[in-house]
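Chain by chain, the residues:
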Amino acid sequence: MRLLRSTVARAALLGVSFAMITPLPVAPLVHPAAARSAPDSFADLAARLLPAVVNVSSTQTVTAKNGGPGAGPEIPMFPPGSPFEQFFKDFLNRNKQGQGGPDNQPRPERRAQSLGSGFIIDASGYVVTNNHVIEGADEVSVTLQDNTTLKAEIIGRDESGDIALLKVKSDKPLATVDFGDSTQSRVGDWVLAIGNPFGLGGTVTAGIVSARGRDIHQGQYDDFIQTDAAINRGNSGGPLFNMDGQVIGINTAIFSPSGGSIGIGFSIPSNMAKNIVAQLKEYGHPRRGWLGVKIQQVTPDIAESLGLKDASGAMVAGITDGGPADKAKIRAGDIILKFDGQDVKEMHNLPRIVADAEVGKQVPVVLWRDGKEVTLDTTLAERPADAQLAAVDSGAKADATQPTDIAGVGLKVAPLSQDLKDKFQLNADQKGVVITDVAPNSAAADRGLKPGDVIMEVQQNEVGAPADIQKQIDAARKADRKNVLMLIQREGGVQYVPLSLSKSGGKDKQPG
């Protein structure tokens, strides 16, 4: 079982441990709701499902040097001066000498094994598991419930989604299970997990759906089902079933201080997995939808500055030149509220919604632009393997003038000249107005603005001179805005920054 933010286990089992979470007291339920009674037994369901769940074993050749990866166990931590410290030093040193000495000479190759789980989705021999179970493997084998071991071929892998598809050949028909609709699973529903914990083989555990939509920071497509069904190392890639015997999740990660189950496991939802599996089967790799935008979170300050009622959606900070968004005339400063009929409640929702959309499909995108909703249609492309959501650089010319003070925000700015471009190491085609000075304790200082930053837009209007900035700020004050939104070019890319108009931009106040 993969543990949160762990890498693939190269040796006998999988996982690392995590810090303990202390539970908080829960207020009593005033009006308890009626609940279904627990099943008398899971035996009939388990007997039907077990034949379709397999053990997955992968092996790879490892060559290690002393002190390098795979060099062997490290000395456990003991108090300084403890007799155990010297004991382990002597023991490990003897062990190293037995493998070629404690120097940096190469050691003999060895075979490292990784154990996991999987399930058969097609009688012809297609097996689904986690990518981290078979990652880096030289050989992969699948063991059926009757202990038949079959050599497996890797059909396709999805590193971002941690899903892999294998293929085995069998002389007899194979038992299969079907994907269910994970969106129909509710918190509190009974679930069954079957897998290969600690290499023990087909093991059945039961629990409930503890939570949905969990983001455990494994990747940008996180949308895990959380369950308290006992899941341990080796359960990775195994199925999570509903009471109809349908797969609603792929058991992928656990949270644990010790490496064992404490009732916090995470499964990839079947509705996400089955789309990826179908793509792996047809193309050998995932084909995710791609919009071609760089986005940032919509903060309350940004929402207020644009007249948006709620701080929701994903703000477009940049457009990939020639990408789907560029062709659809989506522009920097737009806030994406809906994509293909789905609400974009937060920034991190958008990559997952876009990725799940069909490549080549034309989808409506609802934007917040110029104080109102606008709907545009865009045709999705396939996300390149090395795609980077980056802003597009553009340029303009400007004459050199003296810095101008922007009243009330603590900024001095100047049009871009060759001297200023050289001074701040800006691109030759950079456009906008460069910041030359930031007053201490000002609104600009609070937002981290600094000399060399370039203001490209104010309130989603391009600026090329200090007067343009002042005009937009004056208009925002007249409209009783508390913030003004600036598009800033700085090291690392572009970013929208809401600048407060309520804080003085002058010098520090002195006590009277």
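Residues numbered from 1 in each chain as written. Predicted model: local features only at pLDDT ≥ 70, side-chain atom pairs only at ≥ 80, totals over all residues. Heavy atoms only, no water.

1. Looking at the overall build of the protein chain
Okay, step 1: When helices and strands are tallied, the protein chain shows 10 helices and 28 strands.
Okay, step 2: The proportion of buried residues among the 512 residues of the protein chain is 46%.
Okay, step 3: Taking as baseline every contact in the protein chain between residues at least 6 positions apart, the subset at least 24 positions apart corresponds to 64%.
Okay, step 4: Of the roughly 26,100 Å² of accessible surface on the protein chain, a fraction of 49% belongs to carbon and sulfur atoms. (Helix = DSSP H or I, 4+ residues; strand = E, 2+ residues; numbered from the N terminus. Buried < 20%, exposed > 50% of the residue type's maximum accessible area, 1.4 Å probe, protein only. Contact = heavy atoms within 4.5 Å. Areas by Shrake-Rupley, 256 points an atom, 1.4 Å probe, with all protein chains shown as cover.)

2. Some points on the nonpolar core
Okay, step 1: Leu 49, Val 128, Ile 163, Val 177, Phe 241, Ile 250 and Ile 268 are the most contacted members of the largest nonpolar core, which totals 28 residues.
Okay, step 2: For this core, the elements supplying multiple residues, two or more each, are α1 (43-49), β4 (126-129), β7 (163-168), β8 (190-195), β12 (247-254), β13 (265-269) and α4 (270-283).
Okay, step 3: By residue number, the principal contributor to this core is α4, which donates 5 residues.
Okay, step 4: Formed by 23 residues, the second largest nonpolar core is a distinct cluster that contains Val 298, Met 315, Trp 368 and Leu 426. (Core = buried A, V, L, I, M, F, W, Y, C linked by side-chain atoms within 4.5 Å.)

3. Thoughts on helix α10 (residues 466-478)
Okay, step 1: Helix length check: α10 (13 residues) gives 18 Å between terminal C-alpha atoms against 18 Å at 1.5 Å per residue, within 8%.
Okay, step 2: For α10, the complete set of buried residues consists of Pro 466, Ile 469, Gln 470, Gln 472, Ile 473 and Ala 476. Buried residues of α10 fall within an arc of 165° about the axis and therefore sit on the same side. Residues of α10 that are exposed and angled more than 90 degrees away from the buried face: Ala 467, Lys 471 and Lys 478.
Okay, step 3: Here the buried face of α10 lies against β22 (404-406), β23 (411-415), β24 (433-438), β25 (454-458), β26 (461-462) and β27 (483-490).
Okay, step 4: Of the residues one or two after α10, Asp 480 is the one with positive phi, at around 65°. (Expected span 1.5 Å × (residues − 1). Arc of directions from axis to C-beta.)

4. A short note on unusual backbone geometry
Okay, step 1: The phi torsion at Lys 329 lies on the positive side, around 70°, for a residue other than glycine.
Okay, step 2: On the secondary structure map, Lys 329 appears in the loop between α6 (324-327) and β17 (335-339).
Okay, step 3: Of note in the backbone geometry, Gln 460 takes a positive phi value of approximately 65° without being a glycine.
Okay, step 4: Mapped onto the elements of the fold, Gln 460 is located in the loop between β25 and β26.

5. Points about the confidence of the model for the protein chain
Okay, step 1: Of all residues in the protein chain, 76% attain a pLDDT of 70 or more, and the chain-wide mean is 80.
Okay, step 2: Overall, residues 5-27 carries pLDDT values under 50, and its contacts beyond four positions in sequence, including any with other chains, amount to 51 contacts.
Okay, step 3: Every residue in residues 65-88 is under pLDDT 50, and counting partners more than four places away or in other chains gives 26 contacts. (pLDDT = per-residue confidence, 0-100.)

6. Thoughts on the packing of aromatic side chains
Okay, step 1: Using the criterion set out here, one finds 3 aromatic pairs in the structure.
Okay, step 2: For the pair Phe 119 and Phe 179, a centre-to-centre distance of 5.9 Å together with 80° between the ring planes defines the contact as edge-to-face. Highlighted residues: Phe 119 in strand β3 (residues 110-122) and Phe 179 in the loop between β7 and β8, separated in sequence by 60 residues.
Okay, step 3: Sitting above the plane of the Tyr 126 ring, Lys 281 keeps its charged end 4.6 Å from the centroid. (Phe/Tyr/Trp six-rings, centres within 6.5 Å; stacked < 30°, edge-to-face > 60°. Lys NZ or Arg CZ within 6 Å of the ring centre and 35° of its normal.)

7. Topic: α4
Okay, step 1: The end-to-end C-alpha separation of α4 is 19 Å, in line with the 20 Å expected for 14 residues at 1.5 Å each.
Okay, step 2: The complete set of buried residues in α4 reads Ser 270, Met 272, Ala 273, Ile 276, Val 277, Gln 279 and Leu 280.
Okay, step 3: Downstream of α4 by one or two residues, Gly 284 has phi in the positive range, about 85°.

8. Side note on the environment of Gly 237
Okay, step 1: Here Gly 237 lies in the loop between β10 (224-227) and β11 (239-241).
Okay, step 2: Gly 237 gets classed as buried once you look at its relative accessible area, which sits at 0%.
Okay, step 3: As a C-alpha pair, Gly 237 and Gly 195 span 42 residues in sequence and 8.0 Å in three-dimensional space.
Okay, step 4: If sequence neighbours within four positions are ignored, Gly 237 has contacts with Ser 117, Gly 118, Phe 119, Val 128, Thr 129, Asn 130, Ile 250 and Asn 251.

9. Looking at the pairing of β12
Okay, step 1: Across the 8 residues that make up β12, a large majority, 8, are buried.
Okay, step 2: Across 3 bridges, the pairing between β11 and β12 is antiparallel. Bridge pairing in β12 links Leu 240 to Gly 249.
Okay, step 3: The hairpin formed by β11 and β12 contains 5 residues between the paired strands, and Gly 245 there has a positive phi angle of roughly 80°. (Pairing = 2+ DSSP bridges.)

10. Notes on the pattern of salt bridges
Okay, step 1: The tally for this structure, following the rule as stated, stands at 13 salt bridges.
Okay, step 2: A salt bridge links Arg 157 to Glu 159, with the shortest nitrogen-to-oxygen separation between them at 3.4 Å.
Okay, step 3: Given the relative accessible area of 31%, Arg 157 is considered partly exposed.
Okay, step 4: Glu 159 sits in the exposed class, given a relative accessible area of 55%.
Okay, step 5: With its nearest N and O atoms 2.6 Å apart, the salt bridge here joins Arg 369 to Asp 334. Of the two residues, Arg 369 sits in strand β19 (residues 362-369) while Asp 334 sits in the loop between α6 and β17, which places them 35 residues apart along the sequence. Both residues of the pair, Arg 369 and Asp 334, belong to the buried class. (Salt bridge = Lys/Arg side-chain N within 4 Å of Asp/Glu carboxyl O.)

11. Some points on the environment of Ser 170
Okay, step 1: With respect to the secondary-structure elements, Ser 170 resides in the loop between β7 and β8.
Okay, step 2: According to the relative accessible area criterion, Ser 170 is partly exposed, its value standing at 28%.
Okay, step 3: Counting along the chain gives 19 residues from Ser 170 to Lys 151, while the straight-line C-alpha distance between them is 9.7 Å.
Okay, step 4: A polar atom in the side chain of Ser 170 sits 3.1 Å from the backbone oxygen of Lys 172. (Polar contact = N/O pair within 3.5 Å; in protein donor to acceptor, adjacent residues only side chain to side chain.)

12. Quick word on the environment of Ala 332
Okay, step 1: Structurally, Ala 332 can be placed in the loop between α6 and β17.
Okay, step 2: For the pair Ala 332 and Met 315, spaced 17 residues apart in sequence, the C-alpha separation works out to 7.9 Å.
Okay, step 3: For Ala 332, the residues in contact, after removing those within four places along its chain, are Val 316, Ala 317, Gly 318, Ile 319, Glu 457 and Tyr 496.

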